[in-house]
Every structure is written in structure tokens, then in C-alpha cells.
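Structural overview for review
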Amino acid sequence: MRHRRILVAAAGLLGLAASAVAVAPMAAAAAPEVVLSSTFEDGTAQGWFARGSAAIAATTADAHGGAQSLATTNRTATWQGPGRDVRGVLLADATYVVEAYARMAPGAAAASVQMTVQRTPAGGSTAFERVTGATVSADGWVLLRGEYRYSGEVSELQLYLESADATASFLIDDVTVTMIEGPPGGPPDEAGVTSDFEAGTTQGWAARIGSETVAVTDADAHGGTRSLLTSGRTQTWTGPAYNMLGRMGLGKKYAFSVWVKLAPGQSPTNLRLSLERRTGGTPTYQQLAGADGVTADGWRQISVNYTLAHEVEFLTLYLESTSGAASFYLDDFEMKYLAPKPIQTDIPSLKDVYADDFLLGTAFSPNDRFSEKGKLIAKHFNSLTPGNTMKWDATEPQEGQFNFADADIVVATAEANGATVRGHTLIWHQQTPAWVFERPDGTPLTDSAEDKALLLSRIDSHIRAVAGRYTGKISAWDVANEVIDEGQADGLRRSRWFEIAGLDYLRTAFRVAREVAPDAKLYINDYNTEYPRKRVALFNVVKQLRAEGVPIDGVGHQLHMNIERQRIAEIEKTFQQFATLGVEQQVTELDISIYTNFVESYTSVSEETLALQGLRYRDLFDLFRRYRGTLNSVTIWGTSDDGTWLDTFPFPRNDWPLAFDDDLQAKPAYWGMVDPSRIPAVTRKVSVAAAKPTVDGKRDLSWDLLAGTAVDVNSASGLGATFQLAWDSCTLYVLAEVADSTVNKKDTVDVYVNGVRHRIQRGGANTKAIAGGYRVEAGIPLKSTVAVGAKIPVGIVIGDAATGAQAQWLPGEATLLPAVSTVDVRQGTPTVDGVAEAAWSRARQITTNVRVSGTGGATATAKLLWDDRHLYVFATVTDPVLDESSPNTWEQDSIEIFVDPDNSKNTGYNDDDGQYRISFTNKQTLTSNFGGYAIAGNLSSATRTVPGGYVVEAAIELDTVTLSKGSLVGFDLQVNDATGGTRTAAATWHDPTGRSYVDTSRWGVAQLVR
């Protein structure tokens, strides 16, 4: 609308009278910053509330700017009018210009209107401080303008408008508060926030909704004597809130930390630290971090780093719960600004190092474009993959309602950097809104023809909207993500997509993607493709669909690795197998976790571990470079360790999986990709079990028992080997299998023991030709007798006589371990009922003689049988006092059966490895990777109490291997003794480490016989 006549009024600093004709001088300052802006264009009061009996509402009857303003009516006293809590908005010792446009309601007489601040100092009396005022009429909008500043801590800070006419109605619009001089100590969005509540005030915290009560209490505290108690909550989202507008800056990174605890008598719940931000009047709610299972028994910390990635006009931090409305305490809150460290500009750019090989990409989110991280990405990467912003829940949260704001940022950033974009992802079983699989009435879709047609039409519409928007701007799409389940006969995940539409959901997705993005390469993307079962399952699906004419151009290998697995040779087999289909291949989500299991958690990482990680990056990129004709892109799943998804998966823990550290500085992982000579020296470790193999160049049983302990030796040229060690009191044995297809009798394997080189030539004794290379075996005499626990310096160097190439594993250290326990397991199929039938009489017996915790306690004997699908266990436990009172299953009287179907003996679990716990009352607990999904349903058991203890009979289905005579199965058995609700002792058959629940490498072996 056209602006009418505007009058101007202003005032000086607080307490000064208003002047209707002159604007008070502003304090000197650098860049002014708007900290509050209320235009009311969204039709809401935007945080303003009515004081007293007054009523306020957004109206379209008149406006200064735009189409809406805020009307105040029903006033009965001069002080009544619109008010706004500005705690957290206005900082102590900063100077602000406060502006608002005011106009009397039609027909109202002219009257004075004032802007006032109601301020209550912590522990003090309330003061009413005039900011500005002027005479306002119905004839035109009047600008009220003044400056305001305050000092000290406050428990209340409220900006409001009032009028000397106690009943007059008036309008306000375009309220703006601008900081023109910041407080001492730097910019306000770098000053941080701390709250310990020791002064007895809420220190800026307030009720988020208003129905809850937020108050300081001395009933409990994390530190000091006081905390903040939130009670009277009625919804999960009600709780304590802090206004962060002006406290956080666009593109700046902050560390948040807060301690929480439930009030007495409250049931355990999950608490979340969340952020509400509004841009253009549209609210967005984001959970930053949380603590699960919070109780009234102890304090829990919630911590997270966060970068503000969006322009906002509203920004509130708050705590909420995922369910229920428990009362809880909050204490020792801190928000700390994390100043970025300049990136290293004098090191090679990764994208340049691999310019002749493949694109070098990174996962990207909008908050990565700022400051030093934005510079790091521009320097090193020429391909960007949106981590989340192109997934279904981000782009189409409601049917037909699309949001491309964040996705557009990814594309724009790539264009500005001269980089390509990999679209990720159009179809996935996660992060898909529930409505996609529901009828319009909210009931779930079935596999009926009508419902299938509805789902396929939604796929069609979604892909046309999303992929169609970026036609010509995205080089490759992950059309389908993680559709494989190698545990299914057909290899396909039983997702809702598949349950409703079968394979047609994939056929439709690729067909539509080709139509709307004809120039983009279309990929099917999955994890664990470097493992044989997943590799084969994905290969077969891709082969079938391509044979049908489905336009699958390429296969994406995620390669979420750790510092030990998967072996380079297995990854190479994956590249080789898919190359036979004639498809493109890309590495799409590479990272290398420092953890080898899904259980442990560390607060810091050692330099040794980082060096080993660097060596893993070296070996991987050597492999990638050798397959540059097959791979056209390698994407690392994140830029620096401060932004890795592995900080939250498989549970919240610190991880350091990327090439740059939290400060954006190059790690050994980076140098592994660029210049391995700069990786710090590290001694590599290997555990060596006692054995006495026959030295003849053949693989005998001694080596097969230790198969999983083989060590890889890799090189850039492709020359490599695996080697194993064994020992007896005076000899160190070595078996090395070398990948070198060019036969030359002068090829060498040098074994270093205690610093002395022992050379074995390809043409010498005890060598055998094998597929793709050769095998050597040797027994190296030791200068002195050794025993369990000894450490021997060792090393291996493989030499190719024709090329001069070498592959090295040194310096190394071998730790001597006892021999691996074995048990012969006879064939038989018992009935699982807890009764020892005749079949068990033929079985060998083992005993849990290895004490791993406590003294004395329960012991067990056990027998094993097998058939073509199962391993059977019958255990007899001696434990005269049975206890199952603890809520923790590992602290109940029970046995644990550990099974590694292919005896891989890794330092972590494979998906089909399992910990099967059975209590004396037959309570079952199964543990493995990813929540044990791959072994779910594999255990059947029966228990029976007997005098002096109990018996357990169990059948464990081994559906990932083919069992036959001679098969070796990694196996161990543990018995847990509980007393008074705690585990007081535990004993195993073989593994002495107490780490069987995370590590399969020290288990014994079950050898299947007739």
C-alpha cells in the first residue's frame, strides 16, 4: 500500500524525555546489527503479547509497510498495550536504537504513545525506563525512535508500548531494534552464554510456551547449589527456552553443553536440546542433540557443536522430551563460540592431486559454505553431495509441498566453486515421510493394485519435481539407496517400497529419473558392497534390472570403513565384479572410523591410531588410483571431523574418520592420500597364537584356525600379500600368500625378526604357485626361548624382481598368545527342549575354565552338535543360587554363546557374528552389528533348573554359510554369575580378554566332523 504522511518522534537514552522533532544522536559504533524485527506479515503477533486486559492481534485494516500491522484494543489502563520479552535479545552494556511506527485506530483522538522498558535487576526492584514517545493520531504513521542501554544482570526485561489515554486503541508496525554499539569483549554473537543460576535468577531462561513453570531451585544442582527447574509441562515441546537471536551469527560455529536431570518421582525419558528458527515467518524445528534414558538418579550431559546456516528473524534454544511431560532440572549451560582456525593454504589441493584420476568429492550441507570450512571445501573438492537436503523428507515433507531452499544452496555453492553435484537420494527406506506410504485417510498402503498405483504415482511426481528442478545441474543421481538385504533369497530389502510395489518401485524410479534428467548418470547406491554376500546380492539385482532395460548407469559403493576392515583385496574384488556388467562405479560415502566395533567409545584419539588411519587412506587411494578407468568419482562423507555423521552412529560417541580434524587442519589421513611419507612412523601390531605347522608351502589346519588373523601388505603398484604368523618356544613360523601374477624366481619375501632379515625367494624351497601369485612358508629359529606374552619385533617386505616394486609392513611387533582352543563337533540334530537326548552322548565336552572376572562363581560344561543349518549347544551350569533381579541382562545368571560362522576372527563383529545370551529362565538377548538384524530369529532355546544350577539347550541357525565336514566356526562360551543384582563373576571356554562381546579374534574354534 502507499505510505501515508509519516511523522517522526525520537528520544535519547533511557530516562530522558521524548522529543517530537529531533532524533537523538546515536552512539558511535561499527556495523549496526538488527537484533529484533517485527513486521507482522505472517499474520501472527511474532512474540508480542498483551499486557493486562488489552487484546492484540495482527490486522490487515492498515499497515505502515506490507499488508499487516498489530492492533491493540480493549485497554483499560495507561500501561496496557503490546509487550515483548527482550531478555536474550538485548545484551547488557550494549547500545540499541529502538524504532516502531505507531498510529491511532480510526476515529480515536490523538494521544501520546510511549515505548518503555520494564526492567527488573537480579535481586532488585522493577524500574520503568522510557525509551521514546510522541503524540500519535489516526491521520498517519508516526516513527518512534530512541536509544536504550542497560547494565547488570536482569530477571525481567520487557519492551512495551503504552498510551496516556487509558482506553485508546492503536496500531504498531515495523518494530526494529538495532545494536549500534556492542558490549565490551567483542561481537555479541561471539560472547557466548553461560547459566549456572547461582545468583538465584533464571539468567535469561523462560517458559517456551507459557503453560510450563521455569524457576530457580536449590533442591538439586549439578554444580554449586542451584539449578533451573521446569515443571507443569503439558506437551513434549514445552520446556525452558533461551532467546538466541543476536547471540548467534550466520555461519558461526558454537559448542553447546548443558546438564539435565529429572525431578524426583518422574519416569525416565529422553531429553533433547532443540532450536526453533524462523525465516520469512516460516518456523523450522531442529533437534541438535539429546540424552536418552534420563532419570532422577543422576545428571546427564547434552553437548553438540552447531553452525547457524540460515538468516533468521527468530531463534530460540529450548529443551524438550521425546515423550511424556516430565519435570526436569537444567544446570551449567554453556554456549561457546568456536573461532575458526585458518585453513592451510600451502598444502596440495586434493582435487588437483587426483585431477587425472577421478572427481574428488565431499558430503555437503548448507552450513558448510561459511567461513574457513567453505574455503576448505572450495580448495580441495570438485564434487559435492548433499548429505540430507535432497532426501524426500527435506524436499517434500507434505504431499505436493516442496522445499528446495537448502538444496538450492548446495547447487549454487557447487556452481560458484566450479564443482559438480551428485544428487542424493531420490528413493530410500529412511527419511521418507509417513504420508508417502499412507492413503489420504491416513491408513497404511497395502500391496493392492490400487495402493501400488498410488505409491508409484507419488514416486513419479516426486522425482519429476526434484530431479526435474535440477536438470542439467546434477551430474549423477543416487536414484535408489540401500535397497539390498543379502539375508533375503532375492537379495532385496523388505522396505515399505518393496512390500507395496515389489521391484516396480525401482523400475519406476529409474525410468522417471531418465526422462527428467536425461544427462545425469543414474546410480544404485549401497553399503557393505565390499563384503561378499552383499556384493553378490547387489550384482544380481543390477544384472537383472539392466537386462530388463532399467536405465541403471552405475553402482555406488559407500565404503564406510574402519581402521582394520574391509581388506583391500575384497574391495578390489568388488570393483572387478561390477566391471563385468559394464557399469560406471563410484565411491560415494567414504570414511574410516577409528572404532572396530559398535560398542566402545573414547574421549580422545591417539596419534598412533591416527597414523594407522593414514595408512588405511593410503592403501585405499592407491587402490582407487589403480582402478581410475573403472571409478570416475570418489566422495568422502564429510570434510572435517567436526561434521561427521559417525558422532551419532551407531550411538553418540566421538569419532575422527575424515581427512581434516576439528580445526580443519590436515591429518595423517590427508597425507595418506597426498604424500604417505609424511605419515608419522607407527609400529604395527599383530597377535600371534601358538601353533606348530608343517613347513612345506601348503596350508594345513594350523593356519586355517588362524585364518582371520592374516595381515595385509599393500602397495601403490598393486603388489601385495597377506601373511600369518605362528610360534612355538624356539621358532617363529610365517605363511605369506603374494599377489604377483608375473612369475620370476627372484621375487622375494623378506621377513624381519628381531631386526634380522630372512629372505625367501619365489623359486626356493617351501614355495607353491597359487592363483594370481605364490605362497611361501618358513620356520625362523629364535635366538632364545620365548613364552606367552613375549613381544617380538617383526616386519615383512615383498619384492617384485621384474619391476623393483615393494610392498612393506614394518616396523611391526608380534605379541605371543596361547594356542587356539579347538573342539571337534559331531553331526546330529537334537530336539531343543532342555533334555539331553541320546544324540548328545556322542558329543565332545568343553568347560569354562578361563576366569575373566571375579573369583569362584558359576561354571559350565557344554557339548556341541551340528547339522546343515545349525550349531547346537547343550550347557550344564553349576550355580546353586540363581539371580535375575538386575534389569541389565548381562548381570543376570546366564550363558553367552559366541558364534563367528566363517571363523573370520576380526577385532570387531561382522553382521552375521553373534552374541547369544540366554538366562536361566530362558530370556534371550541377541547382540551384533546394526542391532543384530542379520541374526534376528536365528536362536531357539530351552532352559531347565536342576539341583545345583540349570541347563540350557540352544539351536543357532547359521544362514550365511554352508556347513559341512571340515567347516571351521569361531566359537566361545561364557557363563555369568549374578548375586544381588550384579554380575560377580564370569568365565569362558577360551577367550581370556573379557571382550568377547566386541571382538571375535580371541574366540576358540569349533571344527565340524562326522
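Cut-offs and rules
- Residues numbered from 1 in each chain as written.
- Predicted model: local features only at pLDDT ≥ 70, side-chain atom pairs only at ≥ 80, totals over all residues.
- Heavy atoms only, no water.
- UniProt positions renumbered as here; feature names shortened; annotations may be inferred.
- Helix = DSSP H or I, 4+ residues; strand = E, 2+ residues; numbered from the N terminus.
- Buried < 20%, exposed > 50% of the residue type's maximum accessible area, 1.4 Å probe, protein only.
- Contact = heavy atoms within 4.5 Å.
- Areas by Shrake-Rupley, 256 points an atom, 1.4 Å probe, with all protein chains shown as cover.
- Lys, Arg positive; Asp, Glu negative; His and termini not counted.
- Charge placed at Lys NZ, Arg CZ, Asp CG, Glu CD.
- Pairing = 2+ DSSP bridges.
- Phe/Tyr/Trp six-rings, centres within 6.5 Å; stacked < 30°, edge-to-face > 60°.
- Right-handed = clockwise from strand over helix to strand, strands pointing away.

- For the protein chain, an unreviewed UniProt entry supplies the name Beta-xylanase and the organism Phytohabitans aurantiacus.
- The heading Catalytic activity (unreviewed entry) in the UniProt record of the protein chain holds the text "Endohydrolysis of (1->4)-beta-D-xylosidic linkages in xylans."
- If you open the UniProt record of the protein chain and go to Sequence similarities (unreviewed entry), you find "Belongs to the glycosyl hydrolase 10 (cellulase F) family."

**Focus: the overall build of the protein chain**
- What the protein chain contains, in helices and strands, is twelve helices and 56 strands.
- The principal-axis extent of the C-alpha atoms belonging to the protein chain is close to 110 × 70 × 65 Å.
- For the protein chain, the residues scored as buried account for 56% of the 1010 residues in total.
- Partitioning the intrachain contacts of the protein chain with sequence separation of at least 6 by distance along the chain shows that 72% fall at a separation of at least 24.
- Summing over all exposed atoms, the protein chain offers an accessible surface of approximately 38,800 Å²; the carbon and sulfur share of this is 49%.
- Distance between charge centres in the protein chain, computed from 90 positive and 118 negative side chains, equals 5 Å.

**Here we look at the sheet that holds strand β18 (residues 240–243)**
- The five strands are arranged β15-β18-β23-β20-β21 in an open sheet whose pairing can be described as antiparallel. Strands with a single pairing partner mark the edges of an open sheet, and in this sheet they are β15 (206–207) and β21 (282–294).
- As paired strands, strand β20 (residues 269–279) and β21 are joined by ten bridges and run antiparallel to one another. Bridge pairing in β21 links L275 to Q286.

**Description of the packing of aromatic side chains**
- Tallied over the full model, the rule gives 31 aromatic pairs.
- Taken together, a centroid distance of 5.7 Å and an interplanar angle of 55° make the contact between F575 and Y627 tilted. With F575 in helix α9 (residues 568–579) and Y627 in the loop between α10 (607–626) and β33 (631–636), this pair connects stretches of sequence that are 52 residues apart.
- Relative accessible area serves as the criterion here: at 1%, F575 is assigned to the buried category.
- Taking relative accessible area as the criterion, Y627 reaches 14% and is therefore assigned buried.
- Judged by centre distance (5.6 Å) and plane angle (50°), the ring pair of W840 and F874 falls under tilted. With W840 in the loop between β44 (822–827) and β45 (845–847) and F874 in strand β48 (residues 870–878), the pair connects residues that are 34 residues apart, well separated along the chain.

**A look at helix α2 (residues 371–380)**
- The buried count for α2 comes to seven of ten residues, which makes it a mostly enclosed element.
- Taken residue by residue, α2 has E372, K373, G374, L376, I377, K379 and H380 as its buried positions.
- Along its buried surface, α2 packs onto α1 (350–353), β25 (359–364), β26 (383–386), α4 (405–417) and α11 (668–674).

**Regarding the UniProt feature "domain: GH10" (unreviewed entry) in the protein chain**
- As recorded in UniProt, the feature "domain: GH10" (unreviewed entry) lies at residues 344–676.
- Counted over residues 344–676, helix gives 38% and strand 16%. Its end C-alpha atoms are 18 Å apart.

**Observations concerning the sheet that holds strand β12 (residues 154–163)**
- As summarised here, the arrangement of the five strands in space is β4-β7-β12-β9-β10, forming an open sheet in which the pairing is antiparallel. A strand with exactly one partner marks an edge of an open sheet, and here the two such strands are β4 (49–50) and β10 (127–136).
- Note that strand β9 (residues 111–121) and β12 share nine bridges and pair antiparallel. Among the inter-strand pairings, T116 is bridged to a residue of β12, identified as Y160.

**A look at the pairing of β33**
- The buried fraction of β33 is high, at five of six residues.
- Here β25 pairs with β33 via four bridges, running parallel. Bridge pairing in β33 places L359 opposite S633.
- Pairing analysis gives four bridges linking strand β32 (residues 584–593) to β33, with the strands arranged parallel. Bridging across to β33, V587 finds its partner in V634.
- For the segment spanning β32, α10 and β33, crossover handedness is right-handed.

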